[in-house]
Amino acid sequence: MQCYTELTPPTAVTHSLSLPFISADSKNLIVAKTSLLQIFTCKAIATDLESTKDESRSRKQNGGFDRRANDDEGLEASFLGTDAILRASRTNRTKLILVAEYSLSGTITSLARIKTNDSKSGGDALLVGFKDAKLSLVEWDPARPGISTVSIHYYEQDDLQGAPWTTNISECINYLTADPGSRCAALKFGARNLAILPFKQGDEDVTMDDWDEELDGPRPEKQNASKLTNGDTGKADTPYGSSFVLRLPALDPNLIHPIHLAFLYEYREPTFGILSSTQTPSASLLYERKDHLTYMVFTLDLHQKASTTILSVGGLPFDLFRVVPVPAPVGGALLVGTNELIHIDQAGKSNGVAVNMFAKHSTSFNLADQSGLGLRLEGCTIGQLSIQNGEMLIVLHDGSLAILSFRMDGRSVSGLSIRQVASESGGSLISTGASSVSSLGGNALFIGNEGADSVVLGWTRKSNQLSRRKSSRLEIDGVDDTFLDEDDEDEEDADDDLYGEATATTKAVAAPSTSTKAGDYIFQIHDSLLNIAPIVGTVLGKTEHYLEDEEKENMEGVRSNLEMVGAVGIDNAGSLAIINKNIQPKVIGKFEFPEASGIWTMSAKRPVMKGLQVTKEKSEMSGDYGDEAQYDRLMIVSKTLPDATEISDVYALTAAGFEALTGTEFEPAAGSTVEAGTLGNGMRVIQVLKSEVRSYDGDLGLAQILPMFDDDTGAEPKIVSASFADPFLLLVRDDSSIYVAQCDDDNELEEIEREDDNLLTTQWLTGCLYTDSTDTFATVQSDKGRKHGENVMMFLLSAGGALHIYALPDLSKAVYVAEGLCFVPPVLSADYAARKSAARETLTEILVADLGDEAYKSPYLILRPSTDDLTIYEPFRTKSKNTPNTLSSSLHFLKIHNPHLAKNPDVSAVETAKDEIEARDEPMRAIANLRGYSAVFLPGGSPSFVLKSAKATPKVLSLQGAGVKGMSSFHTAGCDRGFIYADNNGIARVSQLPADTNFAELGVSLRKIPLAKTVHAIAYHPSMDCYIVGTSTDVEFELPKDDDHRRDWQREDISFKPSCEKGFLELVNPSNWTVIDTVELEPFEMVMCVKSLNLEISETTNERKQLITVGTGISRGEDLAIKGRIYVFDVVNVIPHPDRPETNKKLKLVAKEDIPRGAITGVSEIGTQGFMLVAQGQKCMVRGLKEDGTLLPVAFLDMNCYVTSVKELRGTGLCVLSDALKGVWFVGYTEEPYKMMLFGKSPTKMEILAADLLPDGKELFIVATDANCNLHIMQYDPEHPKSLHGHLLLHRTTFSLGGHLTTSMTLLPRTTAATMLPATSDAMESAAEATIPENQLLFTSNTGSISVLCPLSEAQYRRLSTLASHLTNTLFHACGLNPRAYRVDKDAPEGMVGGRTVIDGGILMRWMELGSQRRAEVASRVGVSVDEIREDLVALMGGLGYL
């Protein structure tokens, strides 16, 4: 009875594909991350060629750039002379902007592009291949922006498996390939099956394209008539035909061992090339099976379901593993091997190149010799670089780059040439091998990666023809004018042909060289997707580590107790990932401010002398835009004194802080401030009091007082809330009326007459103003844009729960009314209607604000209910031929998935909504620039930020610390783009978001510390507060020269040597996250495990000490047996290096023990006497540390093959040991006498990768994950008859994790969240049960996802399992997949004890996607209230409160 929940999504990119998906002319990138499908659009952003990130950031903030730079055409569209100057110093960088993402109930194995006749968006369709032979055809649906599943195809039936002894379908490599003409797709599944899925491409005959009337006679007319007839009826038909399965040996008897296949370009009929053999390729049998591969090309007849062999090339090298189709102008296919590349054109002519010295030893095939390159092509990926000359980019397994050029002789290829990219040209930008390469058009490629950040790689070319270009362009000092975009290259190629100079193809065939020369590529990173995969292991460490006392004092109260540090990445991408759940701000200043209840800062402009003022232009671009002009000058603070008197004070902001401002016309005794801001382009400071509005000039000289007095009734309504959008001001008053004022040309506030009777008669709860810079809410969308002041929209929430939108200054009629806002439906539109009895959400505030970063921002509608669980809507417009393009018919709002639940709901908000409207001291606040983010802050008991990156959906992150009363942005010389806030404890802090920390992509606070080595293990030393990391680098492997039995090894002399890992131990100080000590291990020795253990160091005094235990393996090649070694280190204090105070610790060796047989694969504490349990080879030994530095064995247990995990339930002697082949053993250890005994073992053989013990009250569960990504729950119960007196562990359930291979499990304590339900007798009983310490298991995976497995009580399990079942039936599931089938292990034993499954927490987290009406219906079916379900979800998500 457990629940499995993903805390962070997978980050490793496994597949990618570029295609026009959202519309016919869009540039989209589809990214697959195991079970996460993301859809991006590509946007070219003009930036400075040599500018740093900070320079470009400030440039954008200050507005000093041409607005045309953000157009699709860039600055090319301009013909002004100033732009010609800019053009040389600007370059386009391709940025990725997320359009949508979907968590799928399946493991993605392939992506393919299919062009269909009539897709809903006009763009191409996407064919997604899943594990176990499953295909989904999806397209974009602009009516509800998202993917729509056209069809789903299964090929996993038993009758397709063939003979019973054939390989299981799940154990075969299944992949998908599509015809470039979209006529069909082929799925290779099982051992030798090929499923063909035809697609309808209109009814025209493809052979009519080359109809020759002289030879073939007049063109028939009947074809056109039938085309029209079928075109009418074809819309109702499916875009695909009936699929069929071919047995590969039936196509050709030689296709017994297919290796790879792909569809080829430039064929009339669907044609694919396949690489196969009649024998299994084997490196060890090279002398018997040399050059036995065959490349064959087949053309398919989809109507006859038959095929024809076009060509066959035999005698190919045994190590070829991939077929890469090459588009025009080169054509043909590129065969990739580990030691060579071979191109075969359409006529069967072959050209190859050897890339290392082993090619000539492994094949007799005729190859050009470039063995001096010394390349290793294992695990490489190849992508198209230049369409003009057909050059291709090779990303090697270590991340280095190489360029493949084709020597062309007319249309045929006469040779291949490879040159490596030098480091100074960007050849080492990628840290490790790529998983996919996709061209983004123009000058950019997307490089997907599973072990490092995926990047958008841009390229330019260094030109040797500068003289002609420089004459037509203005020179700029200090700008390198040799960087040309691909568009410029096109112009040059035309000029080359015209003037008879060297063509691009001959330039590409220069001799191989690693130097950068004219015509070569220069690579640079344009954008990146964050990746923390694979996570090898995690530890929890303390967060109080500071180098300075002042920093420690400032950070008090805003730091969590612990932080999670993970060892992530491969090769040069190896890093430490520091993860916290909440935002922990960097506090610059901290002071006592108990009376503050509201804070507002502003950058008001000083008044200008009338004689000096030449023109007055009220626009956002006018005024001084230097750094100082952007700084905030004034701060207004609303205070509540101890005697309940409410006043407001004003302060002047300086670089050092702020000081009280006196001698102005600002009157503190006027009362508390409701809202403050600036109008009139910063020329007027507006202070909104409860009874009046005051307007000041920039020096706080009083300019105007606007009283709240109704001349007709004589009433004086109080102001509750206010909203600013230059030049308008919106006031909401306590009599549920609104007041709209406008700032005229003389900066005077005047009321706008409310012409619409609804504005006078309707009761309004709240409202806001929004400056629509993107024309999202424009009544008539056009490309011309609107003047300043004409794009301000007013959003109002009525007491009945309706949303009204007005286009200011026109208050005669609402341009949009949505009555159903209070029902928070998944899609909100003007015509949405709910039943009258439906449950409503108690909304207390709405806000429309921009969310995003420097690359891209867009408006969102944010609803704040009484529970503070924010609902976020994204507006979108639809176009329809049948309805007029008005705002009411075209504007819709799509609810964004937001699983974040507030920790402390604001109970007073419910009373506010029910009784009467009172002033809310804590309205949501939009911040235009928070260290690059356009964000929204939610004050109150659960303070949170709503942040959005261009590459992610909006995320809600809590702010660490107490509740917040007032908050404002804070931008001064001492605090750049920060914020100031006052918490409920009376402390005010001037803060910033911490640098080098990512919040918006994963929804957690994440900081990566690069180590530039592969990380294998990590441990934390609590008393010395430091981390010990086991790392390795690749070094050349030397055969041991000291082996007397193999003297011929001493004579070996080769230049191209294999590589092996060399291990290091690194000591990391978390005060500044630097490596302060490194222990280099012996050659061939690598770190297997690192643990911090509390060991006994003296047999006489029984003294205990925290020590670091390291297990290593020494592998000298496959011919010699592996050995192991145990190290025990102490961390001691030393004198630090000068100017490096953090280097005050060092590793000191305490003990070292050689193990002659087997590596040390796991260590753990055991028992109560300070001993360690060591997994060494095929034995597990309990060892004690003696004073002479030896490790004395006291007990042992014989194991099976290879121990993958050793865990003990602390202090009990109960252990779980997992084996790579034989499953799980449950073992006990006693100290009187020293003895290890086997209690029970798993009933079946399983390839277990990680295992741990999970205590749940009085029950003890054994949790294990296997190599097939399945989670097994087992239990030791000797009284159960099926356990054979305890000899077998009871297999309670199996839960599929999809494609997420577990790398580590950690048993953690579980914190309980405060409940908001009323106290009842049942609640008191559950509170008494909660005193039992609860535990949970934290999982990390090779895909970068972090998950948690929580035990549940009986009542919780019944509620949540019923809820998950209803949600599965109710929610939309992308790609037509079944979440229930996804979580079932197809190979699980049938006789499993008990039928209870693990609950899928990912389904539960989608609870908030439902509208309030559906939530109430589902809750009633479950048998509980909506509030009880919310409490269960809060308890489920709040288990890691110490992070």
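Trainee: Teacher, can you tell me more about the overall build of the protein here?
Mentor: Each helix and strand in the protein was counted, giving 20 helices and 88 strands. For the protein, buried positions account for 55% of its 1443 residues. For the protein, the accessible surface area stands at approximately 60,900 Å², while carbon and sulfur atoms represent 49% of it.

Trainee: Honestly, unusual backbone geometry in this entry has me stumped. Any pointers?
Mentor: Across the chain, the bulk of peptide bonds are trans and the bulk of non-glycine residues have phi less than zero. Pro727 follows Asp726 through a cis peptide bond whose omega is 10°. With respect to the helices and strands, the residue Pro727 is situated in the loop between β44 (719–725) and β45 (728–733). In this model, Leu808 is joined to Pro809 through a cis peptide bond whose omega is 5°. With a phi angle near 55°, Asp571 is a residue other than glycine that sits in the positive phi range. On the secondary structure map, Asp571 appears in the loop between β33 (562–568) and β34 (575–580). Backbone geometry places Arg931, a non-glycine residue, at a positive phi of 50°. Mapped onto the fold, Arg931 is located in the loop between β57 (925–930) and β58 (933–938). A relative accessible area of 27% means that Arg931 is categorised as partly exposed.

Trainee: Would you mind showing me how to read the packing of aromatic side chains here?
Mentor: How two aromatic rings sit relative to each other is set out by the distance from centre to centre and by the angle between their planes. All chains considered together, the criterion is met by 30 aromatic pairs. Between the aromatic rings of Phe1239 and Tyr1276, the centroid separation amounts to 5.8 Å while the plane-to-plane angle is 25°, which identifies the pairing as stacked. Placement of Phe1239 in strand β80 (residues 1234–1241) and of Tyr1276 in the loop between β83 (1270–1275) and β84 (1290–1296) is noted, with a sequence separation of 37 residues between them. Through pairs of rings, three or more aromatic residues link up here, namely Tyr770, Phe777, Phe795, Tyr816, Tyr873 and Phe893. Positioned above the aromatic ring of Tyr521, the side-chain terminus of Arg461 is 4.4 Å from the ring centre.

Trainee: I keep staring at the sheet that holds strand β25 (residues 401–409) and nothing clicks. Help me out?
Mentor: Pairing between sheet strands relies on hydrogen bonds along the backbone, with the strands arranged either parallel or antiparallel. Strand order in the open sheet made by the four strands is β23-β24-β25-β26, with antiparallel pairing throughout. Across the chains shown, the open sheet's two edge strands, defined by having one partner strand only, are β23 (381–384) and β26 (412–420). Averaged over all adjacent pairs, the angle separating strand axes in this sheet is 25°, with direction ignored. Inspection of the sheet shows β23 paired to strand β24 (residues 392–395) by four bridges, in the antiparallel sense. Directly across from Gln384, in β24, lies its bridge partner Met392.

Trainee: Honestly, the side chain of Ser405 in this entry has me stumped. Any pointers?
Mentor: Assignment of secondary structure puts Ser405 in strand β25. Using a relative accessible area of 1% as the deciding quantity, one classes Ser405 as buried. For Ser405, the side chain forms a polar contact with the side chain of Glu391, separated by 2.9 Å.

Trainee: How do you make sense of the sheet that holds strand β11 (residues 184–189) when you look at a structure like this?
Mentor: Here we have four strands laid out as an open sheet, ordered β10-β11-β12-β13, and antiparallel in their pairing. Every interior strand has two partners, whereas the edge strands, β10 (175–178) and β13 (244–247), have only one. Shown here is a sheet whose adjacent strand axes are inclined to one another by a mean of 25°, direction ignored.

Trainee: Where do I start with the pattern of salt bridges in this structure?
Mentor: Pairing between side chains of opposite charge can happen when the charged atoms of each approach one another. Tallied over the entire structure, the rule returns 43 salt bridges. The shortest N-O distance in the salt bridge between Glu667 and Arg694 comes to 3.1 Å. Of the two residues, Glu667 sits in the loop between β39 (658–660) and β40 (673–679) while Arg694 sits in strand β42 (residues 692–696), which places them 27 residues apart along the sequence. For Glu667, a relative accessible area of 37% translates into the label partly exposed. For Arg1415, the salt bridge is made with Glu841, and the minimal N-O distance between the two is 3.2 Å. With Arg1415 in helix α19 (residues 1412–1422) and Glu841 in the loop between β52 (827–829) and β53 (843–852), this pair connects stretches of sequence that are 574 residues apart. Both residues of the pair, Arg1415 and Glu841, belong to the buried class.

Trainee: How do you make sense of the packing of helix α16 (residues 1354–1370) against α19 when you look at a structure like this?
Mentor: The axes of two packed helices give the description: the angle between them and the distance between them. Relative to each other, α16 and α19 sit at 135°, their axes nearing to 9 Å. Taken together, the axis directions place α16 and α19 in an arrangement best described as oblique. The element α16 and its partner α19 pack so that their crossing is right-handed. Between α16, through Arg1359, Thr1362, Leu1363, His1366 and Thr1370, and α19, the contact on the second element is made entirely by Arg1414, Val1418, Arg1421 and Val1422. In terms of residue class, the contact of α16 with α19 is made up of three nonpolar, three polar and three charged.

Trainee: Even after reading the chapter, I still don't get the pairing of strand β9 (residues 146–154), so can you show me in this structure?
Mentor: The pairing of strand β8 (residues 134–141) with β9 spans eight bridges and is antiparallel. Residue pairing for β9: Lys134 is matched across the bridge by Tyr154.

About the thresholds
Residues numbered from 1 in each chain as written. Predicted model: local features only at pLDDT ≥ 70, side-chain atom pairs only at ≥ 80, totals over all residues. Heavy atoms only, no water. Helix = DSSP H or I, 4+ residues; strand = E, 2+ residues; numbered from the N terminus. Buried < 20%, exposed > 50% of the residue type's maximum accessible area, 1.4 Å probe, protein only. Areas by Shrake-Rupley, 256 points an atom, 1.4 Å probe, with all protein chains shown as cover. Phe/Tyr/Trp six-rings, centres within 6.5 Å; stacked < 30°, edge-to-face > 60°. Lys NZ or Arg CZ within 6 Å of the ring centre and 35° of its normal. Pairing = 2+ DSSP bridges. Axes fitted to C-alpha atoms, helices over the stretch in contact; angles between N-to-C directions. Polar contact = N/O pair within 3.5 Å; in protein donor to acceptor, adjacent residues only side chain to side chain. Salt bridge = Lys/Arg side-chain N within 4 Å of Asp/Glu carboxyl O. Parallel < 35°, antiparallel > 145°, perpendicular 65-115°, else oblique. Left-handed = near helix turned anticlockwise from the far one by under 90°. Contact = heavy atoms within 4.5 Å. Nonpolar A, V, L, I, M, F, W, Y, C, P; charged D, E, K, R; others polar.

Such coordinate-based values are descriptive only and should not be taken to indicate function.
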